[in-house]
Amino acid sequence: MTDPVVVTGIGIVGPGAFGRAAVVGSFPELPRAAAPSRVAEFALEEYLEGGRAFRRVSGATKFALGAMGLAVGDAGFSPKSFGGPEAGIVVTITHGGAPYSVRFHRELLLEGRLAASPLHFSESVPNAPAGNAAIAFQAHGPVHTLIGEEPVGTQAVAMAADLLRSGRVARCLVAGTEEWSEVVTHA
């Protein structure tokens, strides 16, 4: 038998629910958001120490950082005390910052190359949430982004367990994130 992996913090940012207490408090029912079922606008600094520095990130990155901030706090750490060379991060996405990609492309076409914000490009890459999390939590260990469909969450947990069991990390944040995209929805 292999050593068990222990989950010590949970963070949830979703429609109608912020944090473990909101989800547990509504159990067995799922939290409900007003239609449409989207995450309400929120100030990241309320859920992540130093979150103001990430105020212009994509929705997918903002959701991931908020959930990770809640999870790290739930586990008894702060963003500054979590990191180091023994801390890793695994993030899952399906479409990631697709809305940011659309905005960047739209600005480029309608207003010309000088008007297109480089920020939109950097936030449109699939590993933007994981890279920003490594900065926010000062994680200097392995940082991975897994892209996929429904099984990708289980694959992320398995990857984190492998990193922990191999001794490559002592702590590993695992998060899944997605942002509603009109282009993806209507494709």
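Above this text you will find the structure in question.
Here is what the cut-offs are and how they apply
- Residues numbered from 1 in each chain as written.
- Predicted model: local features only at pLDDT ≥ 70, side-chain atom pairs only at ≥ 80, totals over all residues.
- Heavy atoms only, no water.
- Phe/Tyr/Trp six-rings, centres within 6.5 Å; stacked < 30°, edge-to-face > 60°.
- Helix = DSSP H or I, 4+ residues; strand = E, 2+ residues; numbered from the N terminus.
- Buried < 20%, exposed > 50% of the residue type's maximum accessible area, 1.4 Å probe, protein only.
- Salt bridge = Lys/Arg side-chain N within 4 Å of Asp/Glu carboxyl O.
- Polar contact = N/O pair within 3.5 Å; in protein donor to acceptor, adjacent residues only side chain to side chain.
- 1 Å grid on protein atoms, 1.4 Å probe; cavity = no way out; pocket = protein on both sides within 12 Å on 5 of 7 lines; lining within 4 Å.
- Points joined across faces, edges and corners; volume = space filled by probe spheres on them.
- Nonpolar A, V, L, I, M, F, W, Y, C, P; charged D, E, K, R; others polar.
- Expected span 1.5 Å × (residues − 1).
- Core = buried A, V, L, I, M, F, W, Y, C linked by side-chain atoms within 4.5 Å.
- Contact = heavy atoms within 4.5 Å.

### Overview of the packing of aromatic side chains
Following the criterion strictly, the structure yields six aromatic pairs and no others. With a centroid separation of 5.7 Å and an interplanar angle of 85°, the aromatic rings of Phe77 and Phe82 are classed as edge-to-face. Taking the centre distance of 6.3 Å and the plane angle of 80° together, the rings of Phe82 and Phe137 count as edge-to-face. Of the two residues, Phe82 sits in helix H3 (residues 79–82) while Phe137 sits in the loop between helix H6 (128–136) and strand E4 (143–147), which places them 55 residues apart along the sequence. Grouping residues by exposure puts Phe82 and Phe137 together as buried.

### Some points on the pattern of salt bridges
Overall, the coordinates contain three salt bridges when judged by the stated rule. In this structure, Asp74 and Arg20 form a salt bridge, with 2.7 Å as the shortest nitrogen-oxygen distance. Residue Asp74 is found in helix H2 (residues 59–74), and its partner Arg20 is found in helix H1 (residues 20–26); the two are separated by 54 residues along the sequence. Judged by relative accessible area, Arg20 falls into the partly exposed class, the value being 39%. Notably, a salt bridge pairs Lys80 with Glu49, separated by 3.7 Å at the nearest N-O pair. Here Lys80 is found in helix H3, whereas its partner Glu49 is found in the loop between H1 and H2, with 31 residues between them in sequence. By relative accessible area, which is 46% here, Glu49 ends up partly exposed.

### Side note on the environment of Arg55
Tracing the backbone through its elements, the reader meets Arg55 in the loop between H1 and H2. For Arg55, a relative accessible area of 46% puts it in the partly exposed group. Between the alpha carbons of Arg55 and Glu45 there is a distance of 8.5 Å; along the sequence they are 10 residues apart. Within polar-contact distance, the side chain of Arg55 engages the backbone oxygen of Arg52 at 3.0 Å.

### What to know about the layout of surface pockets
Reported here for the second largest pocket is a volume of approximately 250 Å³. Thr92, Ile93, Thr94, Val152, Gly153, Ala156, Val157, Val174, Ala175, Gly176, Thr177 and Glu178 are the residues that line the second largest pocket. For the lining of the second largest pocket, the secondary-structure elements that each account for two or more residues are strand E3 (87–93), helix H7 (152–166) and strand E5 (171–176). Split by residue class, the lining of the second largest pocket holds six nonpolar, five polar and one charged.

### Side note on H7
With 15 residues, H7 ought to run about 21 Å at 1.5 Å a step, and its terminal C-alpha atoms sit 21 Å apart, in line with that. Burial in H7 covers these residues: Val152, Ala156, Ala160, Ala161 and Leu163. At the exit of H7 stands Gly167, carrying a positive phi of roughly 85°.

### A closer look at the nonpolar core
Judged by nonpolar contacts, the single largest core of 26 residues is most densely connected at Leu48, Phe54, Leu65, Met68, Ile89, Phe137 and Leu173. Only H2, E3, H6 and E5 provide two or more residues apiece to this core. Ranked by residues supplied to this core, first place goes to H2 with seven residues. Membership of the second largest hydrophobic core comes to eight residues, among which are Leu146, Ala156, Ala160 and Leu163.

### Some thoughts on the environment of Ala134
Looking at where Ala134 falls in the secondary structure, it is placed in helix H6. Overall, the relative accessible area of 16% leaves Ala134 in the buried class. Between the C-alpha atoms of Ala134 and Gly83, which are 51 residues apart in sequence, the distance is 8.2 Å. Discounting chain neighbours no more than four positions away, the residues touching Ala134 are Ile89, Ala139 and Val143.

The quantities given are spatial measurements derived from coordinates; they are silent on function.
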